[in-house]
Amino acid sequence: MEKDNQKVIRISRKKLVITLIILLILGWGLFRLLNNTFSVARMKAPSAGMGESGMISPDRGYYPDYYNQQSDITDTREFLKTSYSSTVKTRDVLEIVKEVKNAVRDVEGRIDRLDSSERYGYVSFVVPKSRFEEFRSEIEGLVHEKLYTESISSQNLLSQKQSLEERTAAIVASLVELEKQKKTLADNHAASVSRINRDLTNTQNQLAEVRGQIFSSDDQAGITYLRNQETALVQAEISLRQSLTRENQSYTNQNQLYVDRISQANKNLENVNKEDTNFTNNIETVNGTVNIYWISIWNLIREFSPINPWILVILIVIFGRRWLVRRGYMSRIELV
């Protein structure tokens, strides 16, 4: 086509301005709609701070109340609990989920939850703190650095450790006191039984002596007196035997109370020791989540482009059209 015969399209300036304004409004509305849709999709997916069934996992910003209690400022020990969360963008979600799962198992960790689909993946896990950096490096190397973000938080659980130590000390002190009281009870019981048995032996000896005198005496008046003594000594013997029975029963009951209380205290100590073991295991592990999102070609370009890709598109359209117009493949546009 000859340049002189090239067709010219004349466009009203006013109509062009109005059309551009309408297109800009429609484009902005479409952008907001797509952005809101993407935001809703992210909200429905388990976030880095949420565990299975929407439960809050041990991530930064959430710890039980006793974790946040003020610790003794003179105690400078550290019991750091580390939490990790990361976001990975990829064109192949299923493959990255598989790689994350393998990375957890490579460091002898545990998978708590795994979700996988074409557009979204989620892995919740626990790994040993001693191998956390190894795991972290492996996850970081799965994609380009521009497609990977992470969040790592640590909190000193010193107040929880101090609470466990205080409870342990209180239970141990209680056990010592209970054992002391139990021994005192046993000593007092032994002394009481010894005294009663001594009195009982004396009474029985006196009774035997009186009965011997009754057997050998011929004096009726003397026998009557001895019979009265015998009756009194028999009553005394009965009373002492009853006292011994009451003492033994009382000791048995009180001693059983101490046995039960000591047994319960030992169970409490065992439970606190288990809590302390769990506490140690807890701070020696890292709880974490990895969110994997599918990324479109357009968004991939946006991540790597030094300028907004829309500007590139506009420039390509402008220069492309100018080249086509010069070559005579498109009509020139004149504003009137």
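Remember, it's a predicted structure, so these values are computed and weren't measured experimentally.

Peer 1: Would you explain the overall build of the chain in this entry?
Peer 2: A count of helices and strands for the chain gives seven helices and seven strands. Helices and strands appear in the chain in the N-to-C order β-α-β-α-β-β-α-β-α-α-β-α-α-β. Sorting the 336 residues of the chain into buried and exposed places 28% on the buried side. Across the chain, the fraction of contacts at a sequence separation of at least 24, relative to all contacts at a separation of at least 6, is 77%. Carbon and sulfur atoms form 55% of the exposed surface of the chain, whose accessible area is close to 22,500 Å².

Peer 1: Please explain unusual backbone geometry as it appears in this structure.
Peer 2: Note on backbone geometry: most residues besides glycine have negative phi, and most peptide bonds are trans. Of note in the backbone geometry, Glu108 takes a positive phi value of approximately 60 degrees without being a glycine. Note on placement: Glu108 falls in the loop between α2 (93-106) and β3 (110-116). Residue class for Glu108 comes out exposed when judged on its relative accessible area of 64%.

Peer 1: Explain the confidence of the model for the chain to me, please; I cannot follow it from the model alone.
Peer 2: Regions with low pLDDT carry predicted coordinates that are not meant to be interpreted in detail. Summary statistics for the chain give a mean pLDDT of 83 and a share of 76% for residues scoring 70 or more. Ranking the elements of the chain by mean pLDDT puts strand β7 (residues 332-335) last, at 60, and strand β4 (residues 120-128) first, at 97. Note that pLDDT drops below 50 for residues 47-68; the model gives that stretch 48 contacts with residues more than four away or on any other chain.

Peer 1: Is there a simple way to explain the sheet that holds β3 in this structure?
Peer 2: The strand order β3-β4-β6-β2-β5 describes an open sheet built from five strands, whose pairing is mixed. The sheet is open, and its two edges are formed by β3 and β5 (148-156), each paired on a single side. Here the average twist between neighbouring strands, direction ignored, is 10 degrees. As paired elements, β3 and β4 share six bridges and run antiparallel to each other. From the neighbouring strand, Ile111 faces β4, where its bridge partner is Phe125.

Peer 1: Mind showing me how you'd approach the nonpolar core here?
Peer 2: Nonpolar side chains tend to gather and get buried jointly when the protein is soluble and globular. If you look at the biggest cluster of nonpolar residues, it comprises 22 residues, and the most contacted ones within it are Tyr84, Phe125, Val127, Phe135 and Ile292. Those elements giving two or more residues to this core turn out to be β2 (80-90), α2, β4, α3 (132-140) and β6 (285-294). No other element matches α2, which puts six residues into this core. In terms of nonpolar packing, the next biggest core, distinct from the first, is built from 16 residues, Leu158, Leu178, Tyr258 and Phe279 among them.

Peer 1: I'm lost on the environment of Asn281 in this one. Help?
Peer 2: Mapped onto the fold, Asn281 is located in helix α5 (residues 220-283). Overall, Asn281 belongs to the partly exposed group, its relative accessible area being 44%. Asn281 sits 152 residues away from Lys129 along the chain, and the two C-alpha atoms are 9.9 Å apart.

Peer 1: What am I meant to see in a nonpolar patch on the surface here?
Peer 2: A surface patch of nonpolar side chains, amounting to about 470 Å² of accessible area, comprises Ile18, Leu20, Ile22, Leu23 and Leu26. Using a relative accessible area of 45% as the deciding quantity, one classes Leu20 as partly exposed.

Peer 1: Explanation requested: the side chain of Thr87 in the structure shown.
Peer 2: With respect to the helices and strands, the residue Thr87 is situated in strand β2. When residues no more than four places from it in sequence are discounted, the contact partners of Thr87 are Leu147, Tyr148, Thr149, Asn291 and Tyr293.

Peer 1: It is not clear to me how the environment of Ser154 should be interpreted in this structure. Could you clarify?
Peer 2: As for its position among the elements, Ser154 is in strand β5. The class for Ser154 is partly exposed, based on a relative accessible area of 45%. Note: C-alpha distance between Ser154 and Lys81 (73 residues apart in sequence) is 5.3 Å. Those residues in contact with Ser154, other than ones at most four positions away along the chain, are Lys81 and Thr82.

Peer 1: When you look at the packing of helix α4 (residues 158-216) against α5 in this model, what are you seeing that I'm missing?
Peer 2: For any two helices packed against each other, the geometry comes down to the angle between their axes and how far apart the axes lie. Orientation of α4 relative to α5, taken along the N-to-C sense of each, is 165 degrees, at an axis distance of 8 Å. If you check the angle between α4 and α5, you find them roughly antiparallel. Viewed along their axes, α4 and α5 form a crossing whose handedness is left-handed. Partitioning the contact of α4 with α5 into residue classes produces 28 nonpolar, 17 polar and 14 charged.

Peer 1: What is the right way to read the packing of aromatic side chains from this model?
Peer 2: Note on aromatic pairs: each is described by the distance of the centres and the angle between the planes. In the structure shown here, the tally under the stated rule is six aromatic pairs. Relative to Phe132, the ring of Tyr84 lies with its centre 5.5 Å away and its plane at 75 degrees, an arrangement referred to as edge-to-face. In this pair, Tyr84 is assigned in strand β2 and Phe132 in helix α3, connecting sequence segments 48 residues apart. Note on accessibility: Tyr84 and Phe132 belong to one class, buried. Judged by centre distance (5.2 Å) and plane angle (50 degrees), the rings of Tyr120 and Tyr293 are tilted. On the criterion of sequence distance, the pair formed by Tyr120 in strand β4 and Tyr293 in strand β6 is long-range, its members being 173 residues apart. Tyr293 shares its class with Tyr120; the two are buried. What links up through ring pairs into an aromatic cluster is the set Tyr84, Phe125, Phe132 and Phe135. Positioned above the aromatic ring of Trp294 is the side chain of Arg119, whose terminal nitrogen or guanidinium carbon lies 3.8 Å from the ring centre.

Calculation criteria
Residues numbered from 1 in each chain as written. Predicted model: local features only at pLDDT ≥ 70, side-chain atom pairs only at ≥ 80, totals over all residues. Heavy atoms only, no water. Helix = DSSP H or I, 4+ residues; strand = E, 2+ residues; numbered from the N terminus. Buried < 20%, exposed > 50% of the residue type's maximum accessible area, 1.4 Å probe, protein only. Contact = heavy atoms within 4.5 Å. Areas by Shrake-Rupley, 256 points an atom, 1.4 Å probe, with all protein chains shown as cover. pLDDT = per-residue confidence, 0-100. Pairing = 2+ DSSP bridges. Axes fitted to C-alpha atoms, helices over the stretch in contact; angles between N-to-C directions. Core = buried A, V, L, I, M, F, W, Y, C linked by side-chain atoms within 4.5 Å. Patch = residues over 30% accessible without salt bridge, like charges linked within 9 Å, V, L, I, M, F, W, Y side chains within 5 Å. Salt bridge = Lys/Arg side-chain N within 4 Å of Asp/Glu carboxyl O. Parallel < 35°, antiparallel > 145°, perpendicular 65-115°, else oblique. Left-handed = near helix turned anticlockwise from the far one by under 90°. Nonpolar A, V, L, I, M, F, W, Y, C, P; charged D, E, K, R; others polar. Phe/Tyr/Trp six-rings, centres within 6.5 Å; stacked < 30°, edge-to-face > 60°. Lys NZ or Arg CZ within 6 Å of the ring centre and 35° of its normal.

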